Structure formats: structure tokens, C-alpha cells
Amino acid sequence: MSARLRLVADRAAVAGAPPQAAEPPHGEPLHEEPGPGAARCLGLYAKLAAGVTVVTARGADGPLGMTVSAVTSLSARPPLLLACLRDGSRTLAAVRARRVFAVHLLREEQRELAGRFASPATTAAERFAGTDTRQVLGVPVLAGALAWSVCLTEDVRRYGDHHLVVGRVAAVHVGGGRPLLWHDRRFGALTEPVPDAAG
């Protein structure tokens, strides 16, 4: 959950910005500059607040899924979502192979679910154990999410250690509740605004 800044920076290119405006050619000094270390960049990315989502797909051996915070709307017409998935993940491989995936926006009460789908030590079977799921367009959809969508894969592009996945929304459900947030390497929730003092 650490590639959100790159997600924002690359969004203009994905949305159709001229390639020459996105970055200088590879031969220019700026491209050869090593830049700050990974630890400093991760410290910066940690300060970006984001909603927590779980992306699911159907693998060859059953359902797969992972927790993702780098998800954003890309277009309303056509309806497109953009998700940033870690390179080498089984979920990403299934998204590329099956060309369909689901995105679930989690409620603030679903921290345990988010942690389970984020843990590298948890198997796919353990991640889905005890969860109420149904199939929508062949993809496992988790019950109880704040909202979910099933997307047809439009494009997948690698940037560094993550892939940008663009999906066309084919089915959607929006419920009520409050979102689970991710900020400064911990889960959080929205707080009610403090009313103005009387007088």
C-alpha cells in the first residue's frame, strides 16, 4: 500500500496526456538522477490518506484477493476505475489472465478483513474463510462492503514495482456506512465535524 503518489503522478498519462509532456526522454539527466531513497519515498507515501479496498479475482485454483489503497476513479463516461497492484501478486496474474476483477470499498468496521487480505502470510483460502461471497460475472464478490464494482480489464501497465490496472465498470452496488481509511501506516476512520460554539 505504498504506491499512491506514483498513481497520482501517472494518472494524467493514462487519461490521455501527450506522451512528450509526461516525462523527459531517457537520455536526459533528470531521468538518470537516482532521486531519494526508497525509505524516504515510503515515508512520503505514508502521509497520503486513502480509502481501503480489497481487489478480488478468480484464479485457476479458486478465488484470490488482496488489500489495496491505491484505487481511484478515472472516468465516468465510460465508467473506468484505476487500481495499483503489486508486481508478482497472484491476484494481478488472475486479473491479467481472466480480464475481470472486483473492487470492494471497505467499511470502517472491516479492519480485520483488510488486515487479513493484506497479510503475506495468509493463504488465499484463509483470506476468504468465513466470508460471505457470491459470484458476479464469474468473480468473487464480498458481502458487507460499503460499495463494490466488478470491472472488465481494459489495460495493464507496469510502473516500477506495481502495475496500473484500468477496469471498465460492468456492475456496481453502493450501500450505506462510513469508509475505512489508511493513513500513516495505520487504519483510521472519519470523525464527525465539531459543531461551532454557540454565540
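In this report, the structure presented in the accompanying data block is examined. (Residues numbered from 1 in each chain as written. Predicted model: local features only at pLDDT ≥ 70, side-chain atom pairs only at ≥ 80, totals over all residues. Heavy atoms only, no water.)

### Some points on the overall build of the protein
For the protein, the helix and strand inventory stands at seven helices and 12 strands. Counting across all 199 residues of the protein, residues that qualify as buried make up 36%. Once local pairs closer than 6 in sequence are excluded, the contacts in the protein between residues at least 24 apart make up 66%. About 11,200 Å² of surface is accessible on the protein, with carbon and sulfur atoms providing 56% of the total. (Helix = DSSP H or I, 4+ residues; strand = E, 2+ residues; numbered from the N terminus. Buried < 20%, exposed > 50% of the residue type's maximum accessible area, 1.4 Å probe, protein only. Contact = heavy atoms within 4.5 Å. Areas by Shrake-Rupley, 256 points an atom, 1.4 Å probe, with all protein chains shown as cover.)

### Some thoughts on the side chain of Arg 127
When you line up the elements, Arg 127 lands in helix α7 (residues 124–128). One buried charged residue, Arg 127, forms no salt bridge at all, with the nearest opposite charge on Glu 126 at 7.3 Å. Among all residues touching Arg 127, those that are not within four sequence positions of it are Gly 65, Met 66, Arg 116, Phe 117, Ala 118, Ser 119, Pro 120 and Thr 122. (Lys, Arg positive; Asp, Glu negative; His and termini not counted. Salt bridge = Lys/Arg side-chain N within 4 Å of Asp/Glu carboxyl O.)

### A short note on unusual backbone geometry
With omega at 0°, the peptide bond leading from Arg 77 into Pro 78 counts as cis. With respect to the helices, strands and loops of the structure, Pro 78 is situated in the loop between β4 (71–75) and β5 (80–86). In the Ramachandran plot, Leu 137 falls in the positive-phi region, its phi being about 55° despite a non-glycine side chain. If you trace the backbone, Leu 137 turns up in the loop between β7 (133–136) and β8 (139–142).

### Description of helix α6 (residues 111–118)
Within the sequence span of α6, burial applies to Leu 113, Ala 114, Arg 116 and Phe 117. Burial along α6 is one-sided: seen end-on, the buried residues are contained in an arc of 165°. Turning to α6, the residues buried within the fold contact β2 (53–59), β3 (62–68), α7, β8, β11 (180–183) and β12 (186–189). (Arc of directions from axis to C-beta.)

### Some points on the pairing of strand β6 (residues 100–105)
Extensive coverage of β6 is indicated by the burial of five of its six residues. Two elements, β2 and β6, share four bridges in a ladder whose sense is antiparallel. Within the sheet, the bridge partner assigned to Val 54 lies in β6 and is His 104. (Pairing = 2+ DSSP bridges.)

### Quick notes on the environment of Ala 76
Relative to the elements of secondary structure, Ala 76 occurs in the loop between β4 and β5. Expressed as a C-alpha distance, the spacing of Ala 76 and Val 169, which sit 93 residues apart in the sequence, is 9.5 Å.

### Things to note about the nonpolar core
Of all hydrophobic cores here, the largest spans 16 residues; its most connected members are Val 55, Leu 85, Val 95, Phe 101 and Val 165. At the level of elements, β2, β3, β5, α5 (90–98), β6 and β9 (147–159) are the ones that each hand at least two residues to this core. When near neighbours in sequence (up to four residues on either side) are disregarded, Leu 85 contacts Val 55, Met 66, Val 68, Leu 92, Val 95, His 162, His 163 and Val 165. Listed in part, the 10 residues of the second largest apolar core include Val 54, Leu 106, Leu 142 and Leu 180. (Core = buried A, V, L, I, M, F, W, Y, C linked by side-chain atoms within 4.5 Å.)

As far as function goes, none of this settles anything; it's purely spatial.
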